[in-house]
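Results of the structural survey
Chain by chain, the residues:
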Amino acid sequence: MPELTLIYFNQKGRAELSRWILAYGGIPYTDERIEKEDWPEKKKAIYTGKVPVLMVDGEPLPESKAIARYLARLAGLVPEDPFKAAVCDSFVDALSDVAGEGYKIVFSSLSEEEKKKEFKEKLFPNFMKPALERMESKLSGQEWLCGDKISWADLILSLVFGAVHKRKPELMEPYPAVTGVVLKVRDLPAIKQWIETAPDTPY
Ligand SMILES: N[C@@H](CCC(=O)N[C@@H](CS)C(=O)NCC(=O)O)C(=O)O
């Protein structure tokens, strides 16, 4: 196994899926969290000027989804069949688009009240609901999003909609199959332990 360092802010944000994958795979790594005040200096040393970055034996790998996909391969969370792997990617892309819309709100300068309003009036109806409907229908005949085996798509599903289930469980009631996967992933011993012991950050 290469030596891995995941560099990001002290937030869940775009690094948390990779942290879950690393936890699931029991893969050792250094979880390097940059404090905001140190960022301007650190940024100069990162060639994309953005985080997350995964250092793999000293070589940088930027882009959160490329990082997560690479780690998912190491953790056995990517289907071997190329088409199934691509279908799995399509779920991850769709769900990370939803998360991206969420980041626009949570990392904005809006007040907490305004953020709640944006969530209720824009994020949930326009982005989350269509994704929930699509995932619910996909899950109606199978155990996991990409078939009979857990994949990294299930982890991001649980990450994105677990946050909704925790804050507004009633919104998830029409989606029992999605909720089932959300909870099943969070109940896996390695993921459960990570959730319980990870630094407590709101986003
Ligand atoms: N497409 C990139 C986006 C990376 C990104 O925008 N990172 C933000 C944090 S979530 C960042 O580095 N912001 C600090 C800056 O731009 O100076 C990815 O998915 O990794």
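For the structure, check the block above.
The following refers to the structure shown. Bear in mind the structure is a predicted one, so any value in this text is a computation, not a measurement.

**Considering the overall build of the protein**
- Along its length, the protein carries 9 helices and 4 strands.
- Tracing the protein from N to C terminus, the helices and strands come up as β-α-β-α-β-β-α-α-α-α-α-α-α.
- For the protein, the C-alpha radius of gyration of 17 Å lies close to 17 Å, the compact-globule estimate for 203 residues.
- Taking all 203 residues of the protein together, 44% fall into the buried category.
- In the protein, 68% of the contacts between residues at least 6 apart in sequence involve partners at least 24 apart.
- Taking the average place of the 29 positive charges on the side chains of the protein and the average place of its 32 negative ones, the gap between the two points comes to 4 Å.

**A short note on the nonpolar core**
- In terms of nonpolar packing, the biggest core is built from 65 residues, with I21, L145, W152, L155, L157, F161 and V178 touching the most fellow members.
- Considering each element in turn, this core owes the most residues, 10 residues, to helix α4 (residues 82-106).
- A domain-level breakdown of this core finds at least three residues from each of domain 1 (4-76) and domain 2 (82-189).

**Describing the sheet that holds strand β4 (residues 59-62)**
- Spatial ordering of the open sheet is given by β2-β1-β3-β4, a layout of 4 strands whose pairing is mixed. Whereas interior strands pair on both sides, the edge strands pair on one side only; in this sheet they are β2 (30-34) and β4. Ignoring strand direction, the axes of neighbouring strands in this sheet form an average angle of 25°.
- Inspection of the sheet shows strand β3 (residues 53-56) paired to β4 by 4 bridges, in the antiparallel sense. Paired with M55 across the bridge in β4 is P60.
- Sheet strands in contact with helix α1 (residues 16-25) are β1 (4-9) and β2, and its direction is about 150° off that of β1.

**With respect to the packing of aromatic side chains**
- All chains considered together, the criterion is met by 5 aromatic pairs.
- Arranged with centres 5.0 Å apart and planes meeting at 80°, the rings of F9 and W39 form a pair that is edge-to-face. Residue F9 is found in strand β1, and its partner W39 is found in helix α2 (residues 39-44); the two are separated by 30 residues along the sequence.
- Judged by relative accessible area, which is 14%, W39 ranks as buried.
- For the ring pair F119 and F124, a centre distance of 6.2 Å and an interplane angle of 45° mean the geometry is tilted.
- Residue F119 is classed as partly exposed on the basis of its relative accessible area of 23%.
- Residue F124 is classed as buried on the basis of its relative accessible area of 9%.
- Taken together through their ring pairs, the aromatic side chains of Y8, F9 and W39 make up a single cluster.
- When the ring centre of F9 is taken as reference, the NZ or CZ atom of K36 above it lies at 4.0 Å.
- Across from the ring centre of W144, 4.0 Å away, lies the NZ or CZ of K184, which sits over that ring.

Reading the values: the criteria
- Residues numbered from 1 in each chain as written.
- Predicted model: local features only at pLDDT ≥ 70, side-chain atom pairs only at ≥ 80, totals over all residues.
- Heavy atoms only, no water.
- Helix = DSSP H or I, 4+ residues; strand = E, 2+ residues; numbered from the N terminus.
- Rg over C-alpha atoms; globule rule 2.2 N^0.38 Å.
- Buried < 20%, exposed > 50% of the residue type's maximum accessible area, 1.4 Å probe, protein only.
- Contact = heavy atoms within 4.5 Å.
- Lys, Arg positive; Asp, Glu negative; His and termini not counted.
- Charge placed at Lys NZ, Arg CZ, Asp CG, Glu CD.
- Core = buried A, V, L, I, M, F, W, Y, C linked by side-chain atoms within 4.5 Å.
- Domains from an automatic or database assignment.
- Pairing = 2+ DSSP bridges.
- Axes fitted to C-alpha atoms, helices over the stretch in contact; angles between N-to-C directions.
- Phe/Tyr/Trp six-rings, centres within 6.5 Å; stacked < 30°, edge-to-face > 60°.
- Lys NZ or Arg CZ within 6 Å of the ring centre and 35° of its normal.

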